[in-house]
Protein chains: 2
Amino acid sequence: MMPQTASAPPPPGAIDGIFRALSDPTRRDVVERLSLKPASVSELAASYKMAMPSLLEHLKVLEGCGLVHSEKKGRVRTYQLAADRLKVAEDWLGAQRRLWERRLDQMDAYLLKLKKEGLK
Amino acid sequence: MMPQTASAPPPPGAIDGIFRALSDPTRRDVVERLSLKPASVSELAASYKMAMPSLLEHLKVLEGCGLVHSEKKGRVRTYQLAADRLKVAEDWLGAQRRLWERRLDQMDAYLLKLKKEGLK
DNA sequence: AGAATACTTAGGTCAATACCTAAGTATTTA
DNA sequence: TAAATACTTAGGTATTGACCTAAGTATTCT
């Protein structure tokens, strides 16, 4: 059982859905819970005060963008996290932050140069 | 000019807005552009085929959740990235992924133990 | 001053979201 | 097999989101 190293190729536009899914506090909370251990629909539903069909809708959104998987055995459906999708979002954010940091460094260097030249 | 080291404390519920903001491709594109260099409203608007008020609305969303700042000088408003907010989202994602990975490791260890015991 | 520029505000449409209640269907359990 | 369990589907409401066009306001250029 390989601890998934490579991310699945992010289908174009998939990142929209991932960020969208994570913008809702209930869905983020579900992701947090599932990052600890898998859970059934009713176990999850017990934690929130909304009606089950509402929670179910959230679960569908999470599964739709690939953040979680589910499997039904008998009458119980169990959900679990699919970590590689979290990584898609994290990678995007990291890339932007790195670009930004590089830019700050360049600006620092530029200001330093200006300062030196100013001293002549 | 300090290259912001510490993130601003994420106001409760702010993370909703950050993920929400990043779920739109136009807004993500604006963030990418601004991570390279600041730009005015019309410079930004020139890149997208939507009407200016529509783009402006996107910019307000980005500024509303703190992902960008803007300043008006004369009749030109210039936008720039505020990197610490990207970090808020990135940190959350990283934390979830780390929890998940820890769980996978535990599961590996457990399976390994089962396997060994099976060999007795 | 008058025209051009760079946003800004107002207001309107249409689709998607987040909920809900009520009524299924499929699987155990008694 | 009847009742309980664990979802599922249907259908309805109210809000929010992403666009648009048209009509401002504030600055700068001529």
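Worth saying up front: this structure is predicted, and the values here are computed from it rather than measured.

Colleague: Can you tell me about the sheet that holds strand β3 (residues 76-81) of chain B, naming the residues and giving the values?
Modeller: Residue and element names in this part refer to chain B. Read across the open sheet, the three strands follow the order β1-β3-β2; overall the sheet is antiparallel. Either end of the sheet is taken by a strand with one partner, and the two such strands are β1 (39-40) and β2 (68-73). Bridge analysis of β2 against β3 gives six bridges, and the strand direction is antiparallel. When the bridges of β3 are listed, Glu71 appears paired with Thr78. Relative to β2, helix α4 (residues 52-64) is tilted by about 120°, and along the sheet it contacts β2 and β3.

Colleague: I'd like to hear about the relation of the copies chain B and chain A, residue by residue, with values.
Modeller: Between the two copies, chain B and chain A, the superposition gives an RMSD of 0.1 Å; the rotation angle is 180° and the shift along the axis is 0.0 Å. Between the two chains, the operation in question is that of a two-fold axis. Most of the interface of chain B is mirrored in chain A, where 100% of its interface residues are also at the interface.

Colleague: Describe the protein's contact with DNA strand C, with residues and values.
Modeller: In the neighbourhood of DNA strand C, 21 residues make up the surrounding shell, with A:Ala51, A:Ser54, A:His58, B:Ser42 and B:Arg77 lying closest. Side-chain polar atom of A:His58 to a phosphate oxygen of DNA strand C: 2.5 Å apart, as the coordinates give it. Measuring from a base oxygen of DNA strand C, one finds a side-chain N or O atom of A:Arg75 at 3.2 Å. Looking at the surface near DNA strand C residue by residue, the class counts come to eight nonpolar, five polar and eight charged.

Colleague: Let's hear about the side chain of B:Ser23: which residues, and what values?
Modeller: Looking at the secondary structure, you find B:Ser23 in the loop between α1 (14-22) and α2 (25-36). Classification of B:Ser23 by relative accessible area gives buried; the value is 7%. Discounting residues that sit within four places of it in the chain, B:Ser23 has contacts with A:Asp16, A:Phe19, A:Arg20 and B:Arg28.

Colleague: How would you summarise the protein's contact with DNA strand D if you had to cite specific residues and measurements?
Modeller: A:Ser42, A:Arg77, B:Ala51, B:Ser54 and B:His58 are the nearest of the 22 residues found near DNA strand D. Among the atoms of DNA strand D close to the protein, meaning within 4 Å, 70% are from sugar or phosphate groups. A:Lys72 is positioned such that a nitrogen or oxygen atom in its side chain is 3.1 Å from a phosphate oxygen of DNA strand D. Take the surface near DNA strand D: its biggest share by element is four residues, from helix α4 (residues 52-64) of chain A. Looking at the surface near DNA strand D, its residues break down into eight nonpolar, five polar and nine charged.

Colleague: I'd like a rundown of the packing of aromatic side chains, residues and numbers included.
Modeller: Applying the stated criterion across every chain, the model contains three aromatic pairs over all chains. Both rings, one in A:Phe19 and one in A:Trp92, keep their centres 5.9 Å apart while their planes meet at 75°; by these two values the pair is edge-to-face. Here A:Phe19, found in helix α1 (residues 14-22), pairs with A:Trp92, found in helix α5 (residues 83-119); they are 73 residues apart in sequence, far enough to count as distant. Summarising the burial analysis for this pair, A:Phe19 and A:Trp92 share the class buried. Members of the aromatic cluster, each reached through a chain of ring pairs, are A:Phe19, A:Trp92, B:Phe19 and B:Trp92.

Thresholds, definitions, all that
Residues numbered from 1 in each chain as written. Chains lettered and ligands numbered in written order. Predicted model: local features only at pLDDT ≥ 70, side-chain atom pairs only at ≥ 80, totals over all residues. Heavy atoms only, no water. Pairing = 2+ DSSP bridges. Helix = DSSP H or I, 4+ residues; strand = E, 2+ residues; numbered from the N terminus. Contact = heavy atoms within 4.5 Å. Axes fitted to C-alpha atoms, helices over the stretch in contact; angles between N-to-C directions. Least-squares fit on C-alpha atoms with pLDDT ≥ 70 in both. Near = heavy atom within 4 Å. Polar contact = N/O pair within 3.5 Å; in protein donor to acceptor, adjacent residues only side chain to side chain. Nonpolar A, V, L, I, M, F, W, Y, C, P; charged D, E, K, R; others polar. Buried < 20%, exposed > 50% of the residue type's maximum accessible area, 1.4 Å probe, protein only. Phe/Tyr/Trp six-rings, centres within 6.5 Å; stacked < 30°, edge-to-face > 60°.

Purely geometric numbers; function is a separate question.
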